[in-house]
Amino acid sequence: MTSKYEKEKLKIVGQNYQKARIANGITQEVAAEVPELSPSYLSDLERGKSLGSIHTLISLCNLYKITPNDILKPLINFDINLTNSLLVGFNSLNETNQEVISEMIRVLNEKQIKDKS
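Residues numbered from 1 in each chain as written. Predicted model: local features only at pLDDT ≥ 70, side-chain atom pairs only at ≥ 80, totals over all residues. Heavy atoms only, no water.

### Regarding the nonpolar core
- Tyr17, Leu42, Leu45, Leu57, Leu60, Tyr64 and Ile71 are the most contacted members of the largest nonpolar core, which has 15 residues in total.
- Of all the elements in the fold, those that place two or more residues in this core are helix H1 (4–23), helix H3 (39–46), helix H4 (54–64) and helix H5 (68–72).
- Those residues in contact with Leu45 that sit more than four places away from it in its chain are Gly14, Tyr17, Leu37, Ser50, Leu51, Gly52, Thr56 and Leu60. (Core = buried A, V, L, I, M, F, W, Y, C linked by side-chain atoms within 4.5 Å. Buried < 20%, exposed > 50% of the residue type's maximum accessible area, 1.4 Å probe, protein only. Helix = DSSP H or I, 4+ residues; strand = E, 2+ residues; numbered from the N terminus. Contact = heavy atoms within 4.5 Å.)

Encoded structure:
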């Protein structure tokens, strides 16, 4: 069963599909000409009733000239700038310090898991 939180995220994903379609001046009927789509299926996507397949995501992103990230943003908790800066810092350490940091992360993750249970 889909939680209220998941339903809300799907609704936002659907709105992202719709905004991208409208921003490109494309009607649902034209977008539904993409293989394996129908106007009713596209409507389900845009209303957040369905997430769709990876094939549908790629096809619509190509049609709308956007990236999958533009559609899936609400589902992904990832800060690329933070990640890149952390990786650059980690990679600049010598091997011994990298091992120390890796062990610290392992210990903190174990503690966090223990604290949640």
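### A word on helix H7 (residues 95–116)
- Taking 1.5 Å of rise per residue, 22 residues should cover 32 Å, and H7 covers 32 Å from first to last C-alpha, within 8% of that figure.
- A side-chain oxygen of the first residue of H7 lies 3.1 Å from the backbone nitrogen of Thr96; this N-cap is Asn94. (Expected span 1.5 Å × (residues − 1). Polar contact = N/O pair within 3.5 Å; in protein donor to acceptor, adjacent residues only side chain to side chain.)

### Quick word on the side chain of Arg21
- Structurally, Arg21 can be placed in helix H1.
- In terms of polar contacts, Arg21 uses its side chain to reach the side chain of Glu46, at 2.5 Å.
- Not counting chain neighbours up to four residues away, the residues in contact with Arg21 comprise Ile26, Thr27, Gln28, Ala31, Leu42, Glu46 and Tyr64.

### A short note on a nonpolar patch on the surface
- On the surface, Leu51, Leu75, Ile76, Phe78 and Ile80 cluster together to form a nonpolar patch covering roughly 450 Å² of accessible area.
- Looking at where Leu51 falls in the secondary structure, it is placed in the loop between H3 and H4.
- According to the relative accessible area criterion, Leu51 is partly exposed, its value standing at 37%. (Patch = residues over 30% accessible without salt bridge, like charges linked within 9 Å, V, L, I, M, F, W, Y side chains within 5 Å. Areas by Shrake-Rupley, 256 points an atom, 1.4 Å probe, with all protein chains shown as cover. Salt bridge = Lys/Arg side-chain N within 4 Å of Asp/Glu carboxyl O.)

### Some remarks on the pattern of salt bridges
- This structure, assessed with the given rule, holds five salt bridges.
- Linking Asp44 and Arg47 is a salt bridge whose minimum nitrogen-to-oxygen distance equals 2.6 Å.
- By relative accessible area, which is 26% here, Asp44 ends up partly exposed.
- Linked through salt bridges whose partners overlap, the residues forming this network are Glu103, Arg106 and Glu110.

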